[in-house]
Amino acid sequence: MKTRPSLTRLLCYVLLAALLMVMLVMVLKVLPLYSEVQLVRSQTPTPLPAFGSVMKVTPDPSAPTAEPVIRSGAMGEAVTKLQQRLKELGYYTGSVDGQFGPGTRTAVTAFQQQNGLTPDGIVGPATTEILYSDAAKPAVTPAPTATPAPTQDTTSIAAIQQRLADLGYYTGTVDGLTGPGTKKAITLFQQQHGLQADGIYGPATAAVLFSDEAHVIETTPTPDPNTVPGLTADGFPILVNDDHHIPEGYQTLCLVNLRDYCDSSIVKIKGSDIEAEKYAVDALMVLIQAARADGHTGWQVNAGYRSIAYQQQLFDERVYAYRQEGMSGTQARAKVRQTVADPGTSEHHTGLAFDVAITGEPSFGATKQAIWLREHCWEYGFILRYPADKTHITKISHEPWHIRYVGTEHSIPMRDENLCLEEYIDKYAN
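Just so we're clear, the structure is a prediction, and the values are computed from it rather than from any experiment.

A.B. asks: In this structure, what is going on with the packing of aromatic side chains? I would like to understand it.
C.D. replies: To describe a pair of aromatic rings, one takes the distance between the centres and the angle between the planes. Scanning the entire structure with this criterion turns up 9 aromatic pairs. Geometrically, the ring pair formed by Tyr 279 and Tyr 405 is edge-to-face, given 6.0 Å between the ring centres and 70 degrees between the ring planes. Taken together, the residues Tyr 279 in helix H9 (residues 278-293) and Tyr 405 in strand E7 (residues 402-405) connect sequence positions 126 residues apart. Here Tyr 405 falls in the buried class, since its relative accessible area comes to 14%. Cluster of aromatic residues (ring-pair linked, three or more members): Tyr 279, Phe 354, Phe 382 and Tyr 405.

A.B. asks: In this structure, what is going on with the packing of helix H10 (residues 308-324) against helix H11 (residues 329-336)? I would like to understand it.
C.D. replies: The angle between the axes and the distance between the axes are what describe a pair of packed helices. Running from N to C, H10 and H11 point in directions that differ by 125 degrees, and their axes come no closer than 9 Å. In terms of their interaxial angle, H10 and H11 are classed as oblique. Handedness of the crossing formed by H10 with H11: right-handed. Contacts between H10 and H11 involve Phe 315, Arg 318, Val 319, Tyr 322 and Arg 323 from the first element and Gly 329, Ala 332, Arg 333, Lys 335 and Val 336 from the second. Looking at the contact of H10 with H11 residue by residue, the class counts come to 5 nonpolar, 1 polar and 4 charged.

A.B. asks: Is there a simple way to explain the confidence of the model for the chain in this structure?
C.D. replies: Note: predicted coordinates in regions of low pLDDT should not be interpreted at a detailed level. Mean pLDDT over the chain works out to 81, with 82% of the residues at or above the 70 mark. Mean pLDDT across the elements of the chain ranges from a minimum in helix H1 (residues 3-43), with 64, to a maximum in strand E6 (residues 382-384), with 97. Note that residues 39-64 has pLDDT below 50 and, in this model, 2 contacts with residues that lie over four places away or in other chains. Note that pLDDT drops below 50 for residues 142-151; the model gives that stretch 13 contacts with residues more than four away or on any other chain.

So, how was this worked out
- Residues numbered from 1 in each chain as written.
- Predicted model: local features only at pLDDT ≥ 70, side-chain atom pairs only at ≥ 80, totals over all residues.
- Heavy atoms only, no water.
- Phe/Tyr/Trp six-rings, centres within 6.5 Å; stacked < 30°, edge-to-face > 60°.
- Helix = DSSP H or I, 4+ residues; strand = E, 2+ residues; numbered from the N terminus.
- Buried < 20%, exposed > 50% of the residue type's maximum accessible area, 1.4 Å probe, protein only.
- Axes fitted to C-alpha atoms, helices over the stretch in contact; angles between N-to-C directions.
- Parallel < 35°, antiparallel > 145°, perpendicular 65-115°, else oblique.
- Left-handed = near helix turned anticlockwise from the far one by under 90°.
- Contact = heavy atoms within 4.5 Å.
- Nonpolar A, V, L, I, M, F, W, Y, C, P; charged D, E, K, R; others polar.
- pLDDT = per-residue confidence, 0-100.

Right, here's the structure in full:
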């Protein structure tokens, strides 16, 4: 009877040994699989958490944001917003079209004057801060003179002159004759009312001039409003060449620094000191915008206004270079005159002439932009001053890059009749 417990214990040992054997076999099978998994894990980078589980950093809404500088020639939503705000404050009366033209710039300048800012027509941080704040002062419009009765003549030159005189824009004689003084007064009126400042009395100008929107002059024009730089007393473009020096005592009206005045995203200005007449620069920016709309970009301005002293420096430098090549003084000066005007005889003295180029292109005349300019510059008041087929008249080599602003009233007839400036003046002004 004592063997039964021994047998039972023996059976337990056998079962336990069998169980241990089974567990050992299972461990031996699983171990390689575990090693393989570890190897794969070591070769696989740790994945990033899902995007939704990443903590997002929300910018502080009260933190100031950098506002872009907006200037002449700019386009887009920022300009649209600017025009809308200026219109709300009563400074801008033109179309909200998203294009920073002369009318928008005039409105910006008026706002800056009214709000104690530098009146440069450029919307920088200081102007932006005041413009879109509660501190912005609205335009102060003086009460206009009585609006003429519907039956009053609003088309005769005398009526236009009288209305401009009543508002303070015209100080000449009301004689019913169109001249530089009348044109200047119309241009100034247009500038102060957000209209296209071309000096042409069209329907848009007439609608404002003889309306309650017309306000008296806000600034005193300088110089004398009866004189317009670049025009003769008869209203024709000044002829400047070897036989016609710039008039003695000639004064520019309002030179602006192109690098400060123009939008660098629209046109590149080669030098930091290039200047030109403001109204000519405005016209140039309109021209360049039109070219860009047709797919022609990369515009650059290489030259604008030149004083007589600076022209003398350029002339002397070229003469010296040719003398170094072995030419006599007479030969060198004759050679230079083919491309550089004598001091006092340069178109650049007017402040209305520009030398344009295309960034990175060494030869402007071979570019598509030059072809576009030759075909379309006239539509924007510019002329090609030295055409290829007129060198025997201008006495200057062909310069496809040199344009002169004369206004559409002169550029269009010159284009249609294929006249250079010398021919045009000889035919119509003499």
